[in-house]
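Residue-level structural notes
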Amino acid sequence: MTQHAAHVDTSSSWIRDKIFQGLSPGEYLKSLLTGINVVAGLVIIAGLALIVLRFTQGLEAITGASHDQPWGLLLGVGLFCAVPLSATGYVVGSAVYLFGMRQYRPVVKNAVLIGFLGYLFAVVFLLIDLGRPWRIYYPLFVAYGPASVMFLVAWHVALYLSVQFLEFSPDLFQWLGLRKLRRWARKLTVGLTIFGVILSTLHQSALGAMYLLTPGKLHPLWYSPYLPWLFFVSSIAAGLAMVIVVSALTGRFLAIRADAPYLASLDYITLSLGRGAALVLFTYFGLKLLSIAHGNHWNLLATPYGYWFLFEILGLVLLPSILLLIATRMNSVPLVRYTALLTLVGILVNRLNVSLFVFNWNLPHREWFHWGEALVVVAVITMEILVYRWIVNRMPVLRAHESPEDS
Amino acid sequence: MDTLLEFIQFTKATEYLLAVAFLFGFIAFWQLLWHRGRGLLVRVVPSVVLSTGFAGLTVGLLATNATEQPQVPQPEKPFLSVTVLAKLYGPAAFDHDAHLRLTDDCAFCHHKSGEATPPCKTCHTPEHDPQNLAKPALAHVYHVRCIGCHKENQIGPTVCAGCHLEAAVPPLTLKHPLTDIADCIGCHGSDMPGIPLMPPDHADATNGVCQLCHKPQLDPEALAKRAMPHEIEGFEECLLCHGEGIAAAPGVPEDHTGRTNQMCAMCHMVPQQIP
Amino acid sequence: MKSRADAKPNVSRRSFLQGAAAAGATIAMGGNLRKSNAANIQQVSDSDGHAGVLVDLTRCIGCRICEAACVAANDLPELEAPVEDKTVFESRRRTDTRTYTVVNRYATSDALGDPVYEKVQCMHCAEPACASACLVGALHKTPEGPVIYDQDLCIGCRYCLIACPFNIPTYEYDRALDPKVQKCHMCYHRISRGELPGCVAECPVDALTYGRRRDLIKLARNRIRQYPDRYIDHIYGEHEAGGTSWLYISGAPFDDVGLPTDLGTQPFPVYTKEFLSFVPLVLVVWPALLGGMYLMSRAREQEDDTEDIHVHGGSERP
């Protein structure tokens with residue numbers, strides 16, 4: 001946010017201002033050479049190398065995918081974990097724009113951005129994992145299989161990505177100085193939010209519904225006709241927890257991009273969201289119990305898989321719910337934040353359980369972990385974080401108004 | 001629970017009870033989240049009590065319906081059917097004139113044709129007709145009609161090579177891993193005590209055919225056990241000691257039941273003689 | 001929905017499954033008699049005319065000639081282990097991208113120690129889970145019966161591998177630019193010409209019989225009736241998973257020979273059908289629900305705002 005002298009060449013000053021944040025190219029590149037950036041860069045380069053390997057030698061070069069275990073970490077993390085963690089957009093968006101909860105307004109733009117990037121990079125993961133990613137548009141325009149839940153997921157991810165982009169566009173246009181476009185985009189907000197909630201309800205639950213087709217292959221404790229509801233409700237908890245955690249992190253590491261109202265509101269917002277998350281998690285726990293009752297699987301709780309299931313629902317669902325309750329009563333923001341992190345771990349564990357660990361549970365020899373796949377996942381997530389940081393460094397995500405000279 | 005309906009009734013009952021328990025728990029949870037100040041216990045305790053009560057009812061219902069594991073009835077023993085491996089046996093020789101002398105009932109073979117005597121292949125195709133599965137394929141028809149009649153009347157060849165004179169069955173190259181004997185049918189085709197008998201539907205098989213499916217496994221343990229610490233000479237009555245366990249002689253294992261003294265030496269020998 | 005981990009199969013369970021089969025068939029056929037092409041819901045009775053194969057496990061001798069025949073009929077690379085190599089039976093095999101069918105050996109409680117052999121291949125279900133899973137319709141059930149794959153549509157998502165209850169489809173993970181799903185297609189190219197599928201044509205012991213599904217069921221019933229000591233009184237695939245085109249009869253319990261008996265009789269596409277019905281409901285109801293909430297919250301805000309102006313003379317909003 002430095003004052004810049006008038007330049008004859010306006011285009012280069014725009015680039016200098018918007019992209020290089022007022023520094024000269026040389027200075028900017030130097031500023032990039034931090035320890036974290038170097039490590040991140042190396043990880044990304046390694047990931048890109050592996051992606052090239054995937055496209056020259058096939059998926060087996062970087063994954064442990066087999067005929068019995070077709071989906072690995074790429075989809076397990078990149079799709080099944082990324083999507084509930086990107087529920088921030090519709091949860092906070094609907095709270096602010098539909099239910100009139102204005103107190104969350106400071107974090108809504110951040111929430112929308114997290115959601116947008118989450119879905120965007122889910123598509124990136126898909127492009128790596130699909131056998132023929134250049135055909136990714138086929139279910140949209142070429143051939144239709146409407147009996148398939150995945151067909152629904154494909155359409156919804158495409159539509160929702162557009163919705164999230166449009167929801168975020170006011171900030172983009174503000175950064176680019178395109179006032180009229182910004183005003184137009186803002187008018188769409190309520191409609192987009194409604195549409196976004198519709199789409200999210202459906203595809204969050206659709207990811208669970210995909211596994212309805214696998215009654216014998218998914219362990220009975222996790223398989224339930226309530227799978228869509230379980231995935232939907234837990235996505236709300238994930239969205240709330242994600243906003244808590246990311247807003248805490250940005251409040252710490254990107255505070256210079258935030259304005260005072262944002263930073264001041266964080267504690268209150270964290271506590272309120274934590275309260276909401278406690279209720280949602282409690283509800284999710286109740287749904288899990290109903291799922292067991294529905295299939296009459298109580299006796300399975302005494303098996304090794306049963307113990308793992310109990311750990312998931314008691315340690316990673318009920319426990320965070322109770323901790324958040326305690327944190328609310330004690331008004332302890334740090335406890336809310338750490339519990340939110342625990343909640344996210346619980347969501348990840350649940351999604352990985354369903355897509356990876358307890359799928360085809362009665363078959364031997366399933367490889368879950370391949371170092372190549374893990375590295376690619378880490379590299380793409382690193383890319384996502386870097387993109388997030390790049391955007392937050394420039395666009396008014398953590399602050400209400402743009403920098404003084406643009407107002 | 002024998003019917004689907006009973007199962008649904010039971011699980012729905014547990015679900016409803018659990019749901020009510022959850023609702024009361026939710027109320028308590030809500031109170032804990034929102035209510036500040038005094039009077040918290042008064043609000044929370046009744047909900048908790050009711051929630052626990054319904055949860056207890058659920059557990060009780062589950063306990064009264066612990067599922068038993070009924071016995072699985074064992075099925076009848078199946079037996080395998082080994083039909084002719086046509087490729088290996090080649091074409092069969094058939095003397096029609098010889099059969100004319102045996103019967104004047106042409107319709108016995110040329111059935112479903114009135115007075116006419118068409119060749120079998122007129123109706124029976126080499127591969128069975130998917131439109132009419134009751135009409136077997138040609139090769140199957142020959143076997144059923146020919147061998148069936150031969151067996152019933154105790155005349156005529158019933159062994160594969162009896163008709164397939166140019167059978168391309170390879171000679172037996174396999175040797176029994178324990179006895180080194182190269183004649184399967186000699187022991188497994190006759191009623192030798194303690195030796196597994198060929199199943200009845202293998203009755204037409206010849207030695208060369210056995211090796212196409214059977215590959216006797218060499219069991220290292222069995223191999224080790226056949227070494228004898230003493231020569232046979234002078235000890236021909238193996239069962240005298242080994243059958244009674246006299247002088248700490250190792251007993252005859254169960255799967256050797258029925259074998260005679262002469263059979264022992266087929267497998268058992270002093271280590272120096274083991275090939 | 002009972003599952004594999006529940007009680008072992010027993011007589012009463014079988015009769016309950018048969019009862020459920022009748023119920024399922026009634027539900028499938030009774031209510032909606034319309035055929036919806038988009039949702040690909042046909043009635044189970046339509047599959048009677050489909051081509052199928054009856055596999056008689058009491059006849060199979062494990063000679064593996066069917067594997068070699070399949071390779072020859074489909075121009076696949078030669079079998080890794082030649083037909084004479086019986087050591088392959090020591091482990092349980094599954095289908096592969098180059099092996100559309102395998103034969104597995106199972107020990108039974110026979111006094112002679114005779115094993116039972118079972119041929120594994122696509123079951124060509126009447127209502128295939130894989131076809132309902134495919135989001136571009138690359139897998140579909142032909143009118144003749146076989147379930148075939150169109151490599152020009154497939155995007156490689158592998159949901160069909162996830163969905164198949166028999167774990168049959170395989171994927172070419174070793175190909176970077178043109179990976180395909182590989183599975184038995186009942187020699188569709190041959191049966192279209194009036195020839196038998198490769199495996200059926202070559203089986204030397206008549207363990208495989210090709211024909212119309214309804215004829216095969218009659219044939220199977222006849223065999224079971226004629227030799228009651230030889231067969232278990234059940235045609236596997238008649239109702240399992242909504243009915244399959246490949247039917248099995250056996251002397252050993254089906255569970256012991258690699259054929260899962262806990263699949264139920266409901267066609268697999270029905271499992272996701274209820275959820276998909278949720279979609280148009282949400283699309284129609286949510287706008288009103290959410291829009292209504294929005295309007296109510298706005299009305300309340302305006303009310304609060306005006307109240308604020310009157311009471312406080314300004315807005316102090318959090």
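Residues numbered from 1 in each chain as written. Chains lettered and ligands numbered in written order. Predicted model: local features only at pLDDT ≥ 70, side-chain atom pairs only at ≥ 80, totals over all residues.

**Quick look at the overall build of chain A**
Just so we agree on the cut-off: Each helix is a run of H or I in the DSSP string that is no shorter than four residues. Each strand is a run of E no shorter than two, and both are numbered from the N terminus. To sort residues by exposure, count the other C-beta atoms lying within 10 Å of each residue's C-beta; 20 or more gives buried, 12 or fewer gives exposed, and values between give partly exposed, all with C-beta atoms placed from the backbone. Contact between residues is assigned whenever the C-beta positions, reconstructed from backbone atoms, fall within 7 Å.
Of regular secondary structure, chain A possesses 16 helices and 0 strands. C-alpha atoms of chain A, sized along the principal axes, occupy 75 × 55 × 40 Å. Here chain A, with 407 residues, has 50% of them falling under the buried criterion. Residue pairs in contact within chain A that sit at least 24 positions apart in sequence constitute 78% of those at least 6 positions apart.

**Overview of the overall build of chain C**
Of regular secondary structure, chain C possesses 8 helices and 9 strands. Taken across its 318 residues, chain C has 44% of its residues classed as buried. Summarising the internal contacts of chain C: among those between residues at least 6 apart in sequence, 61% fall at separations of at least 24.

**Here we look at helix α13 (residues 260-295) of chain A**
Note the following rule: Multiply 1.5 Å by the residue count of a helix minus one, and that product is the helix's expected span. To get the bend at any residue, fit one axis to the seven residues that end at it and another to the seven that begin at it, then take the angle between the two axes.
End to end, α13 of chain A covers 52 Å across 36 residues, agreeing with the expected 52 Å (1.5 Å per residue, within 8%). Along its length, α13 of chain A shows its largest kink, about 40°, at Leu-266 of chain A.

**Structural notes on the pairing of strand β9 (residues 246-249) of chain C**
Residues and elements named next belong to chain C. Cut-off, in case you're wondering: Between any two strands, at least two bridges found by DSSP are needed for them to pair.
In β9, alternate side chains face the same way, and those of Trp-246 and Tyr-248 on one face and Leu-247 and Ile-249 on the other are all buried. In this sheet, β9 lies alongside strand β1 (residues 51-56) in parallel orientation, the contact comprising 4 bridges. Bridge assignment links Asp-56 to a residue of β9, and that residue is Ile-249.

**Brief notes about the interface of chain A and chain C**
At the junction of the two partners, chain A supplies 52 residues and chain C supplies 58 residues. When residues of the side of chain A that touches chain C are traced back to their parent elements, those giving at least two are α3 (35-57), α8 (138-141), α9 (149-176) and α11 (189-209) of chain A.

**Quick word on the environment of His-188 of chain B**
Its place among the elements puts His-188 of chain B in helix α7 (residues 184-188). Taking the C-alpha atoms as reference points, His-188 of chain B and Gly-162 of chain B, 26 residues apart in sequence, are found 20 Å from one another.

**With respect to the environment of Tyr-210 of chain C**
With respect to the element layout, Tyr-210 of chain C can be found in strand β8 (residues 208-212). Considered as a pair, Tyr-210 of chain C and Leu-135 of chain C are 75 residues apart in the sequence and their alpha carbons are 31 Å apart.

**Quick look at the confidence of the model for chain C**
All names here are of chain C. This is how it is decided: The predictor's confidence in any single residue is recorded as pLDDT, a number from 0 to 100.
When the pLDDT values of chain C are averaged, the result is 82; 80% of them are 70 or greater. Counting contacts from residues 313-318, a segment whose pLDDT is below 50, to residues more than four positions away or on other chains yields 5 contacts. Both scores are given for the predicted complex: the pTM is 0.73, the ipTM 0.89.

**As for the pairing of strand β3 (residues 116-120) of chain C**
Counting buried positions along β3 of chain C gives 5 out of 5 residues, so the element sits mostly inside the fold. By the alternation rule, side chains of β3 of chain C split into Val-116, Glu-118 and Val-120 of chain C and Tyr-117 and Lys-119 of chain C, which are all buried.

**What about the sheet that holds β9 of chain C?**
All names here are of chain C. Stated precisely, the cut-off is as follows: To get an axis, fit a line to the C-alpha atoms, keeping to the stretch in contact for a helix; angles then go from 0 to 180 degrees between the N-to-C directions.
The strand order across the open sheet built from 3 strands is β8-β1-β9, with neighbouring strands paired in mixed fashion. The open sheet terminates on both sides in strands that have one partner only, identified here as β8 and β9. Mean inter-strand twist for the sheet, computed between neighbouring axes without regard to direction, equals 25°. Direction of pairing for β1 relative to β8: antiparallel, over a ladder of 5 bridges.

**A few points about unusual backbone geometry**
Positioned with a positive phi, Asn-296 of chain A is a non-glycine residue whose angle comes to about 55°. Take Asn-296 of chain A: it is sitting in the loop between α13 and α14 (304-330). With 22 C-beta atoms packed within 10 Å, Asn-296 of chain A lands in the buried category. The residue His-124 of chain C is not glycine, and still its phi comes out positive at about 50°.

**Section: the confidence of the model for chain A**
All names here are of chain A. The pLDDT averaged across chain A works out to 90; a share of 96% of its residues lies at or above 70. Note that residues 1-8 has pLDDT below 50 and, in this model, 7 contacts with residues that lie over four places away or in other chains. Confidence over residues 403-407 falls short of pLDDT 50; this stretch has 4 contacts with residues more than four positions distant or in other chains.

**Side note on the packing of helix α6 (residues 88-98) of chain A against helix α12 (residues 227-253) of chain A**
Helix packing for two helices is described by the angle between their axes and how far apart those axes are. Residues and elements named next belong to chain A. So the rule is basically this: Orientation labels follow simple angle bins: below 35 degrees gives roughly parallel, above 145 gives roughly antiparallel, 65 to 115 gives roughly perpendicular, and whatever is left gives oblique. Residues are grouped as follows: Ala, Val, Leu, Ile, Met, Phe, Trp, Tyr, Cys and Pro are nonpolar; Asp, Glu, Lys and Arg are charged; all remaining types, including Gly, are polar.
It is the contact of α6 with α12, at a shortest axis distance of 8 Å, that shows an interaxial angle of 85°. What the angle tells us is that α6 and α12 run roughly perpendicular. Residues Thr-88, Val-91 and Val-92 of α6 touch α12, and the partners they reach there are Ile-236, Gly-239, Leu-240, Met-242 and Val-243. Class assignment of the residues belonging to the contact of α6 with α12 gives a composition of 6 nonpolar, 2 polar and no charged.

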